[in-house]
Amino acid sequence: MESVFSNITRAPEDPILGVTVAYNNDPSPVKINLGVGAYRTEEGKPLVLDVVRRAELQLVNDKSRVKEYIPIVGIADFNKLSAKLILGGDSPAITENRVATIQCLSGTGSLRVGAEFLTKHYHQHVIYIPKPTWGNHPKVFNLAGLSVEYFRYYDPTTRGLDFQGLIEDLGAAPSGAIVLLHACAHNPTGVDPTPEQWEQIRQLIRSKSLLPFFDSAYQGFASGSLDTDAGSVRMFVADGGECLIAQSYAKNMGLYGERVGALSIVCKSADVASKVESQVKLVVRPMYSSPPIHGASIVATILKSSDMYNDWTIELKAMADRIISMRKQLFEALQTRGTPGDWSHIIKQIGMFTFTGLNTEQVAFMTKEHHIYMTSDGRISMAGLSSKTVPHLADAIHDAVTRLG
Amino acid sequence: MAMAMAMMFRNAASRRPMSPISGLRSMSSWWKHVEPAPKDPILGVTEAFLADPSPDKVNVGVGAYRDDNGKPVVLECVREAERRIAGTSFMEYLPMGGSVKMMEETLKLAYGDDSEFIKDKRIAAVQSLSGTGACRLFADFQKRFCPDSQIYIPVPTWSNHHNIWRDAQVPQKTYHYYHPETKGLDFSGLMNDVKNAPEGSFFLLHACAHNPTGVDPTDEQWREISQLFKAKNHFAFFDMAYQGFASGDPARDAKSIRIFLEDGHHIGISQSYAKNMGLYGQRVGCLSVLCEDAKQAVTVKSQLQQLARPMYSNPPLHGAQIVSTILGDPELKSLWLKEVKIMADRIIGMRTTLRESLEKLGSPLSWEHVTKQIGMFCYSGLTPEQVDRLTSEYHIYMTRNGRISMAGVTTGNVGYLANAIHEVTKSS
C-alpha cells in the first residue's frame, strides 16, 4: 500500500545541532566543539551544578512525592518564584497580582505558548525580531501564527549594536506591533544595549504602544549577577506597562534536557491577569496538556531554600566568570599573535557567545584545517573553550584571517 | 562591575522624566477584552472535588489511577529506576526526536518485540509529550503534508481530541461509535460512516479501552473495520493511552494495531506512559508513523522533528530515562508487567463489585455494561442531571457525561457509590 506521505522530502539538518553531529564524526584528537550553547567546564565536560544534585537527591528520597499530573499552568511555587526571580521580589507587578506566570518547556516552549496566546487574543499579528537572532525564533513565531519582520541590530563594521538602525526600524513599526527583545546576552552576537540605550528603546516602544516580548535565557549567566541581567526587563515593568517574558533555566541552572522555563505575562490589573491565565491554559491543553514535573520541581526546591539559592548564585557566578576569563584569554592570545584586525569585540560582547566576524569561508577553513566546529555565521560558544584549547583556537583564527583575509 | 551596571540601570531609568509616557499609567490593558476561559470539563472536576470539605467525597473524575486506599501510586519499578538515575544524569539536551533508547523499547511494545517493521527501520518515531503531545504533533504533521485532509473522530471521544485537531487547524468530522441504547458499540453506524467517508480519509481510532466509554470493538469487528479501511484506502491513526491497563496484558491490548499491521496498513500511533507506568506528570510518550521503507522513515522523522523544534526544541529527559531504565532491564521490565496487571485487575474487580452492588440493591436498570466495558472508564449512562445530583447530594465527582473513572473506585467507597447511583436512578 502506498503511503499518504510519499511525496515528503527530507528536512535539512538543524544548522546549530548539525554542528555537533559533524563534530562527533570527526576522529581528530584536537577537535573543539564551539557549536551548541551548552556550558562546559575547564576539562571540557558538561556540568551538573552541585545544588541541582542536592535538590535531585532531596526529591528522590522524599517518599511522599507522586508523579501525578501537575496543573496545566504548572507548579504553583515554581511559577511564583520564577516571577520573583526575573521581576525582583519587591516588584509592584507581583505584589499587585498583575503577573500571570505559566510553567512551560524551557525558553522555546514559553515563546511558543506566548506567541500562540498573542495570535488568539492580540490585535497585531506581526512580531519584530532583531537581525540576527537565534535561528529557531522565526520558526517558533511563524508556526504560532505570527508574521515576522526584522529590525536592525548587529553592526558588522563595529561588531557592536546598530543603535541608529534599531531606533529607525522600531520607529517605523506599526503601532501595537510585538517586539522581541533579548533580555541580556544577545544570541548569537553577545551584543547588548547599554542601560542608557535600553531606556531610549523603552521610551520608543511605549510611545508607539509596541508590545515587548522578552526572551530571558541567560539571567545570571551573562554578568554573573541575576539582578543586573534582569535590568532591562525590570526597567520596562517599572513603568507600569505590559509585556511578555520567556524565562529559561536551561543554562543558568544547567537543566537543559529537563525543559524548564516560564512564561510571564505582566498585565495592567489582577483581574486581567487572571483572565489571561485562563486563556493561556486553553493554548497549553491541546499542545501537551500539562508541563513536565521533574525539572520544575528541582528549580522550586532550590529557589525556595535560601541556603540553596545562595549556593546557586555562587555556582552561577563561577560559570559566568570562567566564560569572561575565556574571553580575556582569547583576546590576549590574538593580540600576542598580532592577528590582523580589531578583536576587542571579544571582550566587549557578553554571555555565552561571541560573534567573531569570521565569514563562512574562514569558518569552513577552520573546520577543515584545524577541526574547529562552529556555526557558519562565525558564532563561537565561549563555554566550549578552556585555557588549554584557547591557543589552538587563536592559531586557527590567525591562520584563517591571514590566509583568507 | 555588576553593582555598577545595576546602578546604571537605575539611574538611566530615573534620569529622564516619564512624561512622554506618563499617559502610560492611564492607558488601558491590551487584554481587557479577554474573556475568562471555561474550565476544562475534565480537569475542572478535580478542582471542584478538592474544594469540597465533605468527608464522604468521592472523586471518580479524572483518569488517574488510585490504589484501594484511594491513594495515587508510584510503581515500585519507577521508584527503583529513579534511584538508579538520581545523581548520574548530565541533563544535556536530548536530540529533537528524543531518546533513541526509550523509543526502541516503546516501538516494541506497540509493534511487537520481533516486528519486521522495526527490523527494516520502516517506522518514523519521535519522543512526544505524552499522548497529547503525540496527537498534536501528528495533527500538525497532517496539516502540513496533507493540507486538504480532515480527521474523523468518534462520538464520543476524549474532549481534548477536538481541541488538538482544532488548534492544528485540521477540519473535523465525526463517526458513530457509542450506542446509548445498548451502552455498547454502534458497529453498523461506524461501518456506515467509514464506508461513506471519501476515499483516503484520516480516522482517529482508540486502540483499546476507549475513552470515555470503555467500549471496544471485538477482534472480529476490528478485522472487518480493517478490511473496509483497506477497501477505502483510509489512514488509521491509533491513540493508545492504556496499553496494559485495559486487559492487564500489553500484547492483548495492542491487538487492534496488530490486526491493521497484518493487513498492510501504514498506520500512525500515539503512545503514552502516563497511566500504564504512572508517569503522568513526566509527560512521556511516542509518536510513530509506519512508512513504505527506511528511507521514507528517515524523511518523515526529519519532518516531525521540524514540528517539534519550534514547539519545545527537544523533549524532557527525566521521564524518558525512567522508561528506558525499566524497559531496558529484564528484571525491572518483568516487575513493571506485574504491577500493570495488578492495576488492571483491581479495576476489573471493582467493575464486578459495582455491578453486583447495584444489582443487589434491586436497581430496575441493567448494569451489564459496567463489566462489559473495559479500561479505566465506565460510561454509566447517567444523565447530566443525575450526575449533578450525585455531586450536590452525595459529593461524588465525575464528568457530566456520566463517565466514571473506575480507578477512583475502592472497596471503601464502592458501596457508597452504588447506593448513590441507585438513589438517583431508581425512578428512571
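The structure presented is a predicted model; accordingly, all values stated were derived computationally and were not measured.

Calculation criteria
- Residues numbered from 1 in each chain as written.
- Chains lettered and ligands numbered in written order.
- Predicted model: local features only at pLDDT ≥ 70, side-chain atom pairs only at ≥ 80, totals over all residues.
- Heavy atoms only, no water.
- Helix = DSSP H or I, 4+ residues; strand = E, 2+ residues; numbered from the N terminus.
- Rg over C-alpha atoms; globule rule 2.2 N^0.38 Å.
- Buried < 20%, exposed > 50% of the residue type's maximum accessible area, 1.4 Å probe, protein only.
- Pairing = 2+ DSSP bridges.
- Axes fitted to C-alpha atoms, helices over the stretch in contact; angles between N-to-C directions.
- pLDDT = per-residue confidence, 0-100.
- Contact = heavy atoms within 4.5 Å.
- Buried area = accessible area lost by both parts, 1.4 Å probe.
- Salt bridge = Lys/Arg side-chain N within 4 Å of Asp/Glu carboxyl O.
- Polar contact = N/O pair within 3.5 Å; in protein donor to acceptor, adjacent residues only side chain to side chain.

*Asks:* Looking at this structure, I do not really get the overall build of chain B. What am I missing?
*Replies:* Scanning chain B for helices and strands turns up 17 helices and 13 strands. For 428 residues, the compact-globule estimate of 2.2 N^0.38 gives 22 Å, and the C-alpha radius of gyration of chain B, at 24 Å, lies within 12% of that figure. With respect to the three principal axes, the spread of C-alpha positions in chain B is 80 × 55 × 50 Å. Per-residue burial for chain B yields a buried fraction of 61% across its 428 residues.

*Asks:* What am I meant to see in the sheet that holds strand β7 (residues 202-206) of chain B here?
*Replies:* Across a sheet, paired strands are connected by hydrogen bonds in the backbone, their directions being either parallel or antiparallel. All names here are of chain B. Spatial strand order, β2-β10-β9-β8-β7-β3-β4: 7 strands in an open sheet with mixed pairing. The two strands at the open ends of the sheet, each matched to only one other strand, are β2 (123-128) and β4 (172-176). Put simply, the sheet's adjacent strands are angled 25° from each other on average, direction ignored.

*Asks:* Looking at this model, I keep getting lost on the confidence of the model for chain B. Mind explaining?
*Replies:* Residues shown with low pLDDT carry predicted positions that ought not to be read at fine detail. Residue and element names in this part refer to chain B. Of the residues in chain B, 93% reach a pLDDT of 70 or more, and the chain-wide mean stands at 92. Throughout residues 13-26 the model reports pLDDT below 50, and contacts reaching past four residues in sequence, or to other chains, amount to 22 contacts. Interface scoring of the predicted complex returns ipTM 0.91; its pTM is 0.92.

*Asks:* Just to check I follow, could you spell out the sheet that holds strand β9 (residues 243-248) of chain A for this structure?
*Replies:* Residues and elements named next belong to chain A. Overall, mixed pairing links the 7 strands, which are arranged β2-β10-β9-β8-β7-β3-β4 in an open sheet. Each edge of the open sheet is held by one strand with a lone partner, namely β2 (99-104) and β4 (147-152). Here the average twist between neighbouring strands, direction ignored, is 25°. Bridge count between strand β7 (residues 178-182) and strand β8 (residues 211-216): 5 bridges; the pairing is parallel. Among the inter-strand pairings, I178 is bridged to a residue of β8, identified as L211. Contacts between helix α5 (residues 106-121) and the sheet are confined to β2, β7, β8, β9 and β10 (261-266), with β9 contributing the most and set at about 155° to the helix.

*Asks:* So what exactly am I meant to see when it comes to the interface of chain B and chain A here?
*Replies:* Reports often express the size of an interface as the amount of accessible area lost when the parts come together. Counting from both sides, the interface comprises 101 residues of chain B and, opposite them, 99 residues of chain A. Regarding the contact of chain B and chain A, the summed buried area is about 8700 Å², with carbon and sulfur atoms giving 61% of it. Summed over the shared surface of chain B and chain A, the result is 3 salt bridges. The partner of A:E116 in a salt bridge is B:R136, with the nearest N and O atoms 3.7 Å apart. Where chain B packs against chain A, one counts 26 residue pairs in polar contact (both at pLDDT 80 or more). At the level of elements, α1 (2-15), α2 (43-51), α3 (76-85), α6 (130-145), α7 (159-167), α12 (294-312) and α13 (317-327) of chain B are the ones that each hand at least two residues to the side of chain B that touches chain A. Broken down by element, the side of chain B that touches chain A gets its largest block of residues, 12 residues, from α12(B).

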